[in-house]
Amino acid sequence: MASPQSSGLPGPPPPPPPPPPPARLLLLLLLLLLLPLAPGAWGWARGAPRPPPSSPPLSIMGLMPLTKEVAKGSIGRGVLPAVELAIEQIRNESLLRPYFLDLRLYDTECDNAKGLKAFYDAIKYGPNHLMVFGGVCPSVTSIIAESLQGWNLVQLSFAATTPVLADKKKYPYFFRTVPSDNAVNPAILKLLKHYQWKRVGTLTQDVQRFSEVRNDLTGVLYGEDIEISDTESFSNDPCTSVKKLKGNDVRIILGQFDQHMAAKVFCCAYEENMYGSKYQWIIPGWYEPFWWEQVHMEANSSRCLRKNMLAAMEGYIGVDFEPLSSKQIKTISGKTPQQYEREYNSKRSGVGPSKFHGYAYDGIWVIAKTLQRAMETLHASSRHQRIQDFNYTDHTLGRIILNAMNETNFFGVTGQVVFRNGERMGTIKFTQFQDSRELKVGEYNAVADTLEIINDTIRFQGSEPPKDKTIILEQLRKISLPLYSILSALTILGMIMASAFLFFNIKNRNQKLIKMSSPYMNNLIILGGMLSYASIFLFGLDGSFVSEKTFETLCTVRTWILTVGYTTAFGAMFAKTWRVHAIFKNVKMKKKIIKDQKLLVIVGGMLLIDLCILICWQAVDPLRRTVERYSMEPDPAGRDISIRPLLEHCENTHMTIWLGIVYAYKGLLMLFGCFLAWETRNVSIPALNDSKYIGMSVYNVGIMCIIGAAVSFLTRDQPNVQFCIVALVIIFCSTITLCLVFVPKLITLRTNPDAATQNRRFQFTQNQKKEDSKTSTSVTSVNQASTSRLEGLQSENHRLRMKITELDKDLEEVTMQLQDTPEKTTYIKQNHYQELDDILNLGNFTESTDGGKTILKNHLDQNPQLQWNTTEPSRTCKDPIEDINSPEHIQRRLSLQLPILHHAYLPSIGGVDASCVSPCVSPTASPRHRHVPPSFRVMVSGL
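Residues numbered from 1 in each chain as written. Predicted model: local features only at pLDDT ≥ 70, side-chain atom pairs only at ≥ 80, totals over all residues. Heavy atoms only, no water.

Per an unreviewed UniProt entry, the protein chain is named Gamma-aminobutyric acid type B receptor subunit 2, and its organism is Erinaceus europaeus. Listed under Sequence similarities (unreviewed entry) in UniProt, the entry text for the protein chain is "Belongs to the G-protein coupled receptor 3 family. GABA-B receptor subfamily." Its UniProt record, at the heading Subcellular location (unreviewed entry), says of the protein chain: "Cell membrane". (UniProt positions renumbered as here; feature names shortened; annotations may be inferred.)

Here it is in structure tokens:
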């Protein structure tokens, strides 16, 4: 008979040896008696009491590695004390009376060939085994389990956890008391649901065992509302896969790899910063105790320091089956799991422990209970078959044993022992790595499908469990309420100021200063400013104050109000300036009457253009509420969330085109205003001309609008900054415009009401440029070719005007001193007529007004150069004999003084028209005075 340790399949029996001599025969008989007691041979379990000779045995085939040369041999050696305890207790309880359990051990050495030979040797040379107990190494176990159905043998394993053996079509006669590797997946599902993790990723080592667990996990999670967002696998270097997991924002990582790869994985996790309060690693829990110390010493790599690996490992959760139940409940043997553990430790006496000893212990009890039920079934049947009559071709008894195995249900040292499709529904434990040690934190009962966390011992590195993904909190960027309140207060102050200007304008509308500045146009300027102020309130209303539908309506309303307000204010201002330009820059100097009604029509036309643009904009491409989403930002409060800012905008499809049209129109309007202000800069009637202030206003408004538009565009992602800039620009532009228009009038009216109407002359500056020659030519309009002559006359005119009052006074004194003698008369005619003629010619450059009428005289002749006689008459020629108060002398004095007063003074005080010839002119006056051509007149009404 071959030894169980021999390899290969059994061949045909060798030829019979020759008859041995007596000595050799005795030695052979001795070896046959001692052979069952040798290691690895058939026989009872080591240390088990021998049964009575009259008790028939129920043989069980034990297949497991036992030799020290095999790494997993420690498992077989470690479970033998537990097996001996179970067999002893079963015999003591006479559970199988009148039979006894006979376990015969065979060493498979974790080798496929040796294991298969041991199985066939046991069948050929051993007794008829009712069942097979054992199976540690997956490859050996799967080969034997696949052939069990042909021998009608049921196998029960206590250590084979490979998921391959769960295929009942391929292994219908295979059972195991230890949960398979796939048994952890329902436990993981329960843990994920407990912490509401609905998004996970997997990291799997390219080994069949781990790939099968990963595939089964995918099936378990499918349909449970849990998303596997990324599935990564690796062979040797896991860093690339870890980096991909981080790129896909995987926070909960389900790992399947051995302990050697675990060290590399956590080193990569440390490099990628995938640890701490934001991440949770869930890995197998069946690694060796203190595996990290052993693996790090074996690796001896300077790439990852020990403290770095421990930092990344902190908080990971390991999942594995529970070796022994933690419940203080008596098992089928009458002892609690804790009592059994003490007995096991005392019995193993130097043999290393195995974490499968509890499952081997419960496995012997499963076999005993199965055989007991099979015996009961045979006893109840009418066949009168005994269980010891079993053989490998007895399908009926084999099926009875199989059905009895499926009915197993009792509480053992490893928990409730029950099978579902041959798989053990056991208890799964959860351990967590805390402070460089593994601590049990919970367990999952597969039978009851319940998860129990032990006194909340799971410790997360954050204040709460990690999120399964980056929680994106969409946060609407809204305008700060304090900022809105401050700017609203400034706006209200601006509107109060505008109301004060309106009250001032209405109250003093009959004052000459206000009346000449067109109070109706002033009211429109104020109205436009107040509309611009009102738009600020609408610009500050966003989604935090109003609903989405209301916000969309505000998009249109605020655009209309601001556009109409701008056109109303600047349109009225430019219309006033155009009237001044039309009057004083009229080349033909004809009489022109421009009333306020015409200015209102001009402003109305500008508003009509605005309305046409806005109506087309609203009808063709209306403004809509759009939401712009920006890149995620970390939470300022330090929470494990990311904030995605949202910002509301008022936009449409062709926003650029419509804004271009509006900006072009407003820009042309502003350029036109600048042109008018420049053209009328020399008109020095304060009540009429606001060109200087309009120029200042346009300059400030233009600069502020350009800067404000640019900065507002650059800060569109910062609503507080954008609103602040827009509001301040509107407030500044409206305020500066109103102040420049009304403050000078207010000051003038308070200090000197008549100052605005005292100067009725044109003021021409001496520093006119060549580019202003057209304007100068249109004023003189008499001789356009005499530019140099005009400049000389203007300079001389300016100098002589300063002396006109003094000359008038001197002339009166000279006239009063005249004597009534022919010689003196002749002297006056010869010496003073030329001077009087020059004075009259100087008077033609003065301007006069009365009740809104302006009269301009120009008596320049065509002589190349005017010669002025500044020789004063002698004041010493007096005739004391003549009476200067005689009627004749008075008549002569009046004939000289009245023309002078007529031309120099009467137009200034509203007298007769300077264009007519005075009826009091002396018949001896110069012909030039008698035939003065009538001047053109320009009348302004309604100013």
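Once you've had a look at it, read on.
Attention now moves to the overall build of the protein chain. Across its full length, the protein chain carries 30 helices and 23 strands. Within the protein chain, the proportion of its 943 residues that are buried is 48%. The long-range share in the protein chain, meaning contacts at least 24 apart out of those at least 6 apart in sequence, stands at 75%. (Helix = DSSP H or I, 4+ residues; strand = E, 2+ residues; numbered from the N terminus. Buried < 20%, exposed > 50% of the residue type's maximum accessible area, 1.4 Å probe, protein only. Contact = heavy atoms within 4.5 Å.)

As annotated by UniProt and renumbered to match this structure, "transmembrane region" (unreviewed entry) occupies residues 481–504, 524–545, 557–578, 599–620, 655–678, 698–714 and 720–743. What you have in residues 557–578 is 100% helix and 0% strand, and the ends, taken at the C-alpha atoms, are 31 Å apart. Spanning residues 698–714, this segment combines 100% helix with 0% strand, and its end C-alpha atoms are found 24 Å apart.

Interhelical geometry of helix H2 (residues 73–92) versus helix H13 (residues 357–380) gives an angle of 35° and a closest axis separation of 8 Å. In terms of crossing hand, the pair formed by H2 and H13 is right-handed. When H2 is examined against H13, the residues Gly78, Val79, Ala82, Val83, Leu85, Ala86, Ile87, Gln89 and Ile90 are found in contact with a partner set consisting of His357, Ala360, Tyr361, Ile364, Trp365 and Ala368. Of the residues that constitute the contact of H2 with H13, the class distribution is twelve nonpolar, three polar and no charged. (Axes fitted to C-alpha atoms, helices over the stretch in contact; angles between N-to-C directions. Left-handed = near helix turned anticlockwise from the far one by under 90°. Nonpolar A, V, L, I, M, F, W, Y, C, P; charged D, E, K, R; others polar.)

Bringing a nonpolar patch on the surface into the picture now. Residues Ile486, Leu490, Ile492, Leu493, Ile496 and Leu728 make up a contiguous nonpolar surface patch of about 550 Å² in total accessible area. Here the nonpolar patch gets five residues from one element, more than from any other, and that element is helix H15 (residues 481–507). Summarising the element assignment, leucine 490 is placed in helix H15. (Patch = residues over 30% accessible without salt bridge, like charges linked within 9 Å, V, L, I, M, F, W, Y side chains within 5 Å. Areas by Shrake-Rupley, 256 points an atom, 1.4 Å probe, with all protein chains shown as cover. Salt bridge = Lys/Arg side-chain N within 4 Å of Asp/Glu carboxyl O.)

This next bit is on the state of the cysteines. A complete count under the given rule lists four disulfides for this structure. Put simply, cysteine 267 and cysteine 304 are joined by a disulfide, and their sulfur atoms are 2.2 Å apart. The sign of the S-S torsion, about -90°, decides the handedness of the disulfide formed by cysteine 267 and cysteine 304: left-handed. Of the two residues, cysteine 267 sits in helix H9 (residues 259–271) while cysteine 304 sits in the loop between helix H10 (291–299) and helix H11 (306–313), which places them 37 residues apart along the sequence. Neither residue differs from the other here; cysteine 267 and cysteine 304 are each classed as buried. (Disulfide = S-S within 2.5 Å.)

This part is about H9. Taking 1.5 Å of rise per residue, 13 residues should cover 18 Å, and H9 covers 19 Å from first to last C-alpha, within 8% of that figure. Within H9, burial applies to Gln259, Met261, Ala262, Ala263, Val265, Phe266, Cys267, Cys268 and Ala269. Its side-chain oxygen 3.2 Å from the backbone nitrogen of histidine 260, aspartate 258 forms the N-cap of H9. (Expected span 1.5 Å × (residues − 1). Polar contact = N/O pair within 3.5 Å; in protein donor to acceptor, adjacent residues only side chain to side chain.)

Mapped onto the elements, serine 59 comes out in strand S1 (residues 57–64). The class of serine 59 is buried, set by a relative accessible area of 5%. Sequence-distant contacts of serine 59, that is, excluding residues within four places in its chain, are made with Asp102, Arg104, Pro127, Asn128, His129, Leu130 and Met131.

Another aspect to go through is the pairing of S1. Most of S1 sits inside the fold, with seven of its eight residues counted as buried. Bridging between S1 and strand S2 (residues 100–107) involves eight bridges; their strand directions are parallel. By the bridge assignment for S2, serine 59 is matched with aspartate 102. One ladder, built from four bridges, connects S1 with strand S3 (residues 131–134); its direction is parallel. (Pairing = 2+ DSSP bridges.)

With the rule as written, the count across this model stands at 31 aromatic pairs. Taking the centre distance of 6.4 Å and the plane angle of 85° together, the rings of tryptophan 197 and phenylalanine 460 count as edge-to-face. Of this pair, tryptophan 197 sits in the loop between helix H6 (184–194) and strand S6 (199–205) while phenylalanine 460 sits in the loop between strand S16 (450–453) and strand S17 (471–476), and the two are 263 residues apart along the sequence. Classification of tryptophan 197 as buried rests on a relative accessible area of 2%. Linked through ring pairs, Phe210, Phe266, Trp281, Trp286, Tyr287, Phe290, Trp291, Trp292, Tyr316 and Phe433 together constitute an aromatic cluster. (Phe/Tyr/Trp six-rings, centres within 6.5 Å; stacked < 30°, edge-to-face > 60°.)

A word on the sheet that holds S16. The eight strands lie next to each other as S7-S6-S8-S9-S10-S14-S15-S16, forming an open sheet whose pairing is mixed. Of all the strands in the sheet, just strand S7 (227–234) and S16 have a single pairing partner and so form its edges. Taking the axes of each pair of neighbouring strands and ignoring which way they run, one obtains an average angle of 25° across the sheet. The sheet strands contacting helix H7 (residues 208–221) are S6, S7 and strand S8 (252–256), and the helix crosses S6 at an angle near 165°. Here helix H8 (residues 239–247) sits on the sheet and contacts S6, S7 and S8; the angle it forms with S7, its principal contact strand, is near 165°.

Taken as a whole and judged by the stated rule, the model has 25 salt bridges. Residue arginine 104 pairs with aspartate 102 through a salt bridge whose shortest N-O separation is 3.1 Å. Of the two residues, arginine 104 and aspartate 102, neither departs from the other in class, the shared state being buried. One salt-bridge network, in which partners are shared between bridges, spans Glu314, Asp435 and Arg459.

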